[in-house]
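# Fold and geometry: a report
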Amino acid sequence: MIRFLIKTVPAWMGSMLVVFFWPYRSTQNPAALTSGGFKSITATDDLLGTEKWSAGPALVALTMRGPWTIGMLANHNWSYAGNSDRQDINVTFFQPYSFNHI
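Basis of the calculations
Residues numbered from 1 in each chain as written. Predicted model: local features only at pLDDT ≥ 70, side-chain atom pairs only at ≥ 80, totals over all residues. Heavy atoms only, no water. Helix = DSSP H or I, 4+ residues; strand = E, 2+ residues; numbered from the N terminus. Buried < 20%, exposed > 50% of the residue type's maximum accessible area, 1.4 Å probe, protein only. Contact = heavy atoms within 4.5 Å. Areas by Shrake-Rupley, 256 points an atom, 1.4 Å probe, with all protein chains shown as cover. Pairing = 2+ DSSP bridges. Axes fitted to C-alpha atoms, helices over the stretch in contact; angles between N-to-C directions. Phe/Tyr/Trp six-rings, centres within 6.5 Å; stacked < 30°, edge-to-face > 60°. Polar contact = N/O pair within 3.5 Å; in protein donor to acceptor, adjacent residues only side chain to side chain.

## Let's talk about the overall build of the chain
From N to C terminus, the chain includes zero helices and seven strands. Listed by position from the N terminus, the elements making up the chain come as β-β-β-β-β-β-β. The proportion of buried residues among the 102 residues of the chain is 24%. Across the chain, the fraction of contacts at a sequence separation of at least 24, relative to all contacts at a separation of at least 6, is 52%. When the accessible surface of the chain is totalled, it reaches about 7,700 Å², and 63% of it is carbon and sulfur.

Here you go:
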């Protein structure tokens with residue numbers, strides 16, 4: 001349980017987005033991988049989830065510069081099943097990242 005203001009509420013979780021990428025060795029820098037992903041109905045509360053199953057393409061692009069890896073994960077999802085009372089999903093995600101190899 002999480003104490004929020006004066007009311008005690010359960011811990012929450014929204015819909016889960018899963019994206020799979022298959023690793024490969026690339027001699028190119030920068031490199032790009034394409035794949036697909038899907039979003040499942042895992043929300044613990046109706047307000048936090050879409051109540052829709054969705055899927056779509058995904059892309060990750062990265063470059064390695066010395067000890068640094070810099071890149072972007074992009075994913076687009078369209079709904080294909082779920083609660084018909086809810087709006088359809090048509091959403092794009094962009095997630096930039098960087099990390100330093102120590």
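## Section: the sheet that holds strand β7 (residues 90-100)
What links the strands of a sheet is backbone hydrogen bonding, and the strands pair in either a parallel or an antiparallel sense. Taking strand neighbours across the sheet as the criterion, the five strands line up as β3-β4-β5-β6-β7 in an open arrangement whose pairing is antiparallel. Only two strands of the sheet have a single partner each, and these edge strands are β3 (16-20) and β7. For this sheet, the mean inter-axis angle between neighbouring strands, taken without regard to orientation, is 25°. Both strand β4 (residues 31-40) and strand β5 (residues 52-65) contribute to a ladder of nine bridges, which runs antiparallel.

## Thoughts on the packing of aromatic side chains
By the definition in use, this model includes one aromatic pair. Centroid distance Tyr97 to Phe99: 6.4 Å. Interplanar angle 20°. Geometry classified as stacked.

## Quick look at the environment of Ser54
Looking at the element boundaries, Ser54 is found in strand β5. Residues Ser54 and Asn77 lie 23 residues apart in sequence; the distance between their C-alpha atoms is 5.7 Å.

## Remarks on the environment of Asn83
Mapped onto the secondary structure, Asn83 falls in the loop between β6 (68-82) and β7. The exposure class assigned to Asn83 is partly exposed, which follows from its relative accessible area of 25%. When the C-alpha positions of Asn83 and Glu51 are compared, they lie 5.7 Å apart, and in sequence the two are 32 residues distant. Within the structure, the side chain of Asn83 is placed 2.6 Å from the side chain of Glu51, a separation counted as a polar contact. Here the side chain of Asn83 touches Asp85 through a polar contact of 2.8 Å, landing on its backbone nitrogen.

Interpretation in functional terms is not warranted from these geometric data alone.
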